[in-house]
Amino acid sequence: MNTILAARAPSPPSSESRSVTLQFDDNVLLAQLFGEFDRHLSLLEKQAGVRLASRGNRLTISGTAERTQVAEDALRSLWRGLERGQGCTIALVEAAIRMAQGAAAEGEPEPRLPLRDLPQIRTRKGAIAPRSPAQAAYMEILSKHEISFGLGPAGTGKTYLAVAQGVALLLTGQVERIVLSRPAVEAGERLGFLPGDMKEKVDPYLRPLYDALNDMLPGDQLARRITAGEIEIAPLAFMRGRTLAHCFAILDEAQNTTPAQMKMFLTRLGEGSRMVITGDPSQIDLPPGQPSGLVESARILEGVPGIGFMRFADTDVVRHPLVGRIVAAYSRAEAQHAAYSRAEAETAPRKRNWNGADAGPK
């Protein structure tokens, strides 16, 4: 792809308009870049806040200097992906825009892509790569820390990227096995007696971990590695008394652990091992009054050398645009409820002891 720059000032302020023309040398890939009925270009215009005009194999971007740069970086990233055979989808376009916006906010010329030293993990939908600046930062934390925490709402890729990191380390021989665990806590339902052996009883709780592995490894290879013990999926209760050496251990749904369970899991760390703890503090399914081990450990371990934290926000949801809006709506409702409860407590009439002393609200 050759870039032809239109006339412009040397360093225009971000509020001034700017125009850039990109020229592409492969019309087949160009059709994929534009999308059916130019749907990818329409999305880019809307989310980047620019105007796009195509003529033949040329595409002109117009807008403020900052927004034009974001659109140009996103298009360049998508084109490189097409040249590598990655394809181009709505999800990839959204990811490229998020990465370009993040790079612009950090003042970096190109979005940083971590894990260059690990093999690229491919799924049926393409290669696994960060789809937001937060995911890129998370992958960087996973590669540098012995214990990593990923906290945030559903759909941010906390568990999926952790499994991808574990698979990459296993394939390169940097760890001997992967251990995936979850607390077997019912999400607001009473499932009652489950038939079958122990594996059949706990598998429903661990299904999301199987789904991620099935995405990243061929079915026969996954079955072979599970049989050989190279990949182990077990409920948290099975971790007590063990030492996890030379392995990559993931504790998913950690918001549903008790403080004692969390301490137990963290102290399983053995020689040559790494741990990842993921969870959403806003979706705790423990009995009322029972503190969450994830929330407590995040408070206690913040700043401890060798432990990294990544906190995702509502804006980091990459599963589906509507999921992000749902999470944001719930967050606003919870904040309003908390504010109302505080205001109600402050204005509630206070009762008095027999001697007239303040005894607190009624």
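Residues numbered from 1 in each chain as written. Predicted model: local features only at pLDDT ≥ 70, side-chain atom pairs only at ≥ 80, totals over all residues. Heavy atoms only, no water.

Q: Quick question: what am I supposed to make of the pattern of salt bridges here?
A: Side-chain pairs of opposite charge can arise whenever the charged atoms involved come near each other. Counted under the stated rule, the structure contains 10 salt bridges. Residue Glu-232 pairs with Arg-177 through a salt bridge whose shortest N-O separation is 3.7 Å. Within this pair, whereas Glu-232 is found in strand β9 (residues 231-235), its partner Arg-177 is found in strand β8 (residues 177-182), the two being separated by 55 residues in sequence. Measuring nitrogen to oxygen at the nearest pair gives 2.5 Å for the salt bridge that ties Glu-230 to Arg-225. Taking the relative accessible area as the measure of exposure, Glu-230 reaches 27% and is therefore partly exposed. Among the ionic contacts, a cluster of salt bridges with common partners joins Arg-18, Glu-72 and Arg-76. (Salt bridge = Lys/Arg side-chain N within 4 Å of Asp/Glu carboxyl O. Helix = DSSP H or I, 4+ residues; strand = E, 2+ residues; numbered from the N terminus. Buried < 20%, exposed > 50% of the residue type's maximum accessible area, 1.4 Å probe, protein only.)

Q: Is there a simple way to think about unusual backbone geometry in this case?
A: Working note: non-glycine residues mostly have negative phi, and peptide bonds are mostly trans. Backbone geometry at Asp-38 places phi at a positive 60°, although glycine is not the residue there. Residue Asp-38 is classed as partly exposed on the basis of its relative accessible area of 34%. Non-glycine residue Glu-253 carries a positive phi angle of around 55°. Position of Glu-253 relative to the elements: it lies in the loop between β10 (247-251) and α9 (259-266).

Q: Would you take a moment to explain the packing of aromatic side chains for this structure?
A: Working definition: an aromatic ring pair is given by the centre-to-centre distance plus the angle between the planes. Using the criterion set out here, one finds 3 aromatic pairs in the structure. Residues Phe-24 and Trp-79 carry aromatic rings whose centres are separated by 4.8 Å and whose planes lie at 50° to one another, so their mutual orientation is tilted. Residue Phe-24 is found in the loop between β2 (17-23) and α1 (27-34), and its partner Trp-79 is found in helix α3 (residues 65-83); the two are separated by 55 residues along the sequence. For Phe-24, a relative accessible area of 1% puts it in the buried group. (Phe/Tyr/Trp six-rings, centres within 6.5 Å; stacked < 30°, edge-to-face > 60°.)

Q: Can you walk me through the sheet that holds strand β12 (residues 307-311) in this structure?
A: Strand pairing in a sheet relies on backbone hydrogen bonds, with the paired strands running either antiparallel or parallel. In space, the 6 strands of this open sheet follow the order β9-β8-β10-β11-β7-β12, with parallel pairing throughout. For this open sheet the edge positions go to β9 and β12, each flanked by a neighbour on one side alone. Averaged over all adjacent pairs, the angle separating strand axes in this sheet is 15°, with direction ignored. In terms of strand pairing, strand β7 (residues 147-151) meets β12 through 5 bridges, oriented parallel. The residue of β12 that forms the bridge with Ser-148 is Gly-308. Its contacts with the sheet place α9 against β7, β10 and β11 (274-279), and it is angled at close to 155° to β11. (Pairing = 2+ DSSP bridges. Axes fitted to C-alpha atoms, helices over the stretch in contact; angles between N-to-C directions. Contact = heavy atoms within 4.5 Å.)

Q: Hey, could you run me through helix α10 (residues 293-301) in this one?
A: The α-helix advances 3.6 residues per turn, and as a result positions three or four apart in sequence lie on the same side. Those residues of α10 that fall on the buried side of the exposure criterion are Gly-293, Leu-294, Ser-297, Ala-298 and Leu-301. Viewed along the axis of α10, the buried residues span an arc of 130°, placing them on a single side of the element. In this structure, the buried side of α10 is in contact with β7, α9, β11 and β12. One side-chain oxygen at the N-terminal end of α10 lies 3.2 Å from the backbone nitrogen of Leu-294; it belongs to Ser-292. (Arc of directions from axis to C-beta. Polar contact = N/O pair within 3.5 Å; in protein donor to acceptor, adjacent residues only side chain to side chain.)

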